[in-house]
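# Structural features, examined
Each chain, letter by letter, is given below.
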Amino acid sequence: MSSPLDRSRCLTGLATLGVASLLICAGPDGSAAAPDRPPYRIHPGDVIEVSVAGLPELNMRNRVQPDGAVAFPLIGALTVAGLSTEELRQAVQARFARKVYRRRSPDGRELLVVIQRDEVSAAVADYRPVYVDGDVARPGEIPYRPEMTVRQAVALAGGVDQAAWKSANPVMDMASYKAEYDTLCVEMTKAEAQVARIEGELKGAQRLDMNPSGDAPPRTVDAHMIQIENDIMQARALDYAREQDFLRDSINQLSSRTAVLQSRQRDEEEAAKADNEDLRRMVELLKMGNVANPRVLEARRALLFSQTRALQVTDGLLQLQKQSADLTRQLQHLQDDRKTGLLKELKEARAALAETRIKRDAAQEKLKLTSTARSQLLADDNSRLEIRLARETKGRVSTMNVDRDTQLTPGDVVEIKIKEASPPTSVSVLR
């Protein structure tokens, strides 16, 4: 049995919690269920709070599980899904009634406390969130508050997405579409000038033959780009000509040196032939005893010297011929590599031109449609908002169109959509 002091505390807590119970046990709108609105039914995901007067250690908050049950001390699991807040309170009180709880007093004694029905309160502490999707700044879940309306939920989601609002406004789009179209016209002129420059380089032209198309409004930009491509073309042609001239000059110099060595080779071969004939004659005279042996040795040294010089000249001539062949191949590679590189550049430039043309045509169409649709812009922006509400009732989800002042219930899904302006009735030619 509890002491008089404990019973006094319990009665005081009961008086306090009794008032709170009257407030908390109301529906999700914070008041007693209105006559025209059904009472809120507990759903998995809600947080249930149970408190016992004078026994704070038994106070607890638990979330309703997907199976609809929630567990608390002393009473275990209790199925609460589908109950109203009043039915929840009664069910919890019935489970706690006459339960005996052992507790220790400050002086260490063990006390037995019998829990009375009216000492127990139960309420929904936190409701399931509501969800806002569509054309809002921050789509997602929003904590539910009693009497929350669509307007408040949209405000908590950051409001209507201004970017989406403006993108549906032809007047706002005109400037951006015009800038996009003009930019793509400039890009097209740039791509056309690159294609014309590369084609001219492949043909061996010295100057770019292209006139401004006039598609982009600032024609000075066209002329400036054409002049730049013309300067690039002339600079590259000059560099290519200089590279060719350098290789050709080197080949010509090697040809001159080759001719000189060929002349020396003939002279050395003739000298070696004469020394060989002289050695043969000296050997015959030595056999006949008409010359001394030193004279033959001298003839042999002369022959060896002339043959060595002839071999040196021949080796130098072969090296010059090899260098000349290498330079000739370099000249051919220079021409082939330039042509291959220009063909690759032309392929990429034409692809870029085709892509830019497609984008420009698309921007032109958007500009045409927007220019005719701007006069049909609706004056009242609120009338352009479509609000759809999905709500679960008795296990079935229903959808409906609502306005901003519609009150929400936990678990509602709100979808905000900005309706587009009426389609244009006619399309005018931009240029």
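Overview of the structure. Quantities reported herein were computed from a predicted structural model and do not represent experimental measurements.

### Overview of the overall build of the protein chain
Per the secondary structure count, the protein chain includes seven helices and twelve strands. Restricting the contact set of the protein chain to residue pairs at least 6 apart, pairs at least 24 apart contribute 65%.

### A word on the sheet that holds strand β7 (residues 120-126)
Here we have three strands laid out as an open sheet, ordered β2-β1-β7, and antiparallel in their pairing. Of all strands in the sheet, those bounded by a partner on one side alone are β2 (60-63) and β7. Ignoring strand direction, the axes of neighbouring strands in this sheet form an average angle of 25°.

### Re the nonpolar core
Ranked by internal contacts, the top residues of the largest apolar core, which has 42 residues, are I48, V50, V92, F96, I115, L408 and I416. The set of elements that each furnish at least two residues to this core consists of β1 (47-52), β3 (69-72), α2 (85-96), β7, β8 (130-134), α3 (150-156), β10 (385-393) and β12 (413-418). With near-sequence residues (within four places) excluded, V92 lies in contact with V50, L78, V120 and A122.

### Some points on the sheet that holds β12
Reading across from one edge, β9-β8-β12-β10-β11 is the order of the five strands in this open sheet, with mixed pairing throughout. Each end of this open sheet is capped by a strand with a single partner; those strands are β9 (140-142) and β11 (396-402). Averaged over all pairs of adjacent strands, the angle between strand axes in this sheet comes to 25°, irrespective of strand direction.

### Remarks on the packing of aromatic side chains
In total, this model carries two aromatic pairs according to the counting rule given. A ring pair is formed by Y127 and Y144, whose centres lie 5.4 Å apart and whose planes are at 75°; its orientation type is edge-to-face. Here the residue Y127 occupies a position in the loop between β7 and β8, and Y144 occupies one in the loop between β9 and α3, the gap between them amounting to 17 residues. Y144 shares its class with Y127; the two are buried. Feature note: the residues Y40, Y127 and Y144 constitute an aromatic cluster, connected by ring pairs. Over the ring of Y240 we find R338; its NZ or CZ atom is 4.3 Å from the centre of that ring.

### Remarks on α2
Given a rise of 1.5 Å per residue, twelve residues ought to cover 16 Å, and the 17 Å separating the end C-alpha atoms of α2 matches this to within 8%. T85, L88, R89, V92, Q93 and F96 are the residues of α2 that are buried. Around the axis of α2, the buried residues are gathered within 125° of arc, so they sit on the same side. Looking one or two residues past α2, R98 carries a phi angle of roughly 65°, positive in sign.

### Comments concerning the pairing of strand β6 (residues 110-114)
Side-chain alternation along β6 places L111 and V113 on a buried face and E110, L112 and V114 on a face that remains uncovered. Relative to β6, strand β5 (residues 100-104) runs antiparallel, the two sharing five bridges. Looking across to β6, one finds that R104 is bridged to E110. Two successive antiparallel strands, β5 and β6, enclose a turn made up of five residues, where G108 displays a positive phi of approximately 95°.

### A look at the pattern of salt bridges
In this structure the tally under the stated criterion is 25 salt bridges. Salt-bridge contacts for E180 lead to K366; the nearest nitrogen and oxygen are separated by 3.3 Å. Separated by 186 residues along the polypeptide, E180 in helix α5 (residues 170-203) and K366 in helix α7 (residues 293-373) bring together distant segments of the chain. The salt bridge involving R350 is made with E199; its shortest N-O contact spans 2.6 Å. Of this pair, R350 sits in helix α7 while E199 sits in helix α5, placing them 151 residues apart in sequence. One salt-bridge network, held together by shared partners, links R197, E201, E229, R236, R338 and E345.

What counts, and at which threshold
- Residues numbered from 1 in each chain as written.
- Predicted model: local features only at pLDDT ≥ 70, side-chain atom pairs only at ≥ 80, totals over all residues.
- Heavy atoms only, no water.
- Helix = DSSP H or I, 4+ residues; strand = E, 2+ residues; numbered from the N terminus.
- Contact = heavy atoms within 4.5 Å.
- Pairing = 2+ DSSP bridges.
- Axes fitted to C-alpha atoms, helices over the stretch in contact; angles between N-to-C directions.
- Core = buried A, V, L, I, M, F, W, Y, C linked by side-chain atoms within 4.5 Å.
- Buried < 20%, exposed > 50% of the residue type's maximum accessible area, 1.4 Å probe, protein only.
- Phe/Tyr/Trp six-rings, centres within 6.5 Å; stacked < 30°, edge-to-face > 60°.
- Lys NZ or Arg CZ within 6 Å of the ring centre and 35° of its normal.
- Expected span 1.5 Å × (residues − 1).
- Arc of directions from axis to C-beta.
- Salt bridge = Lys/Arg side-chain N within 4 Å of Asp/Glu carboxyl O.

All quantities given are derived from atomic positions and should not be read as evidence of function.
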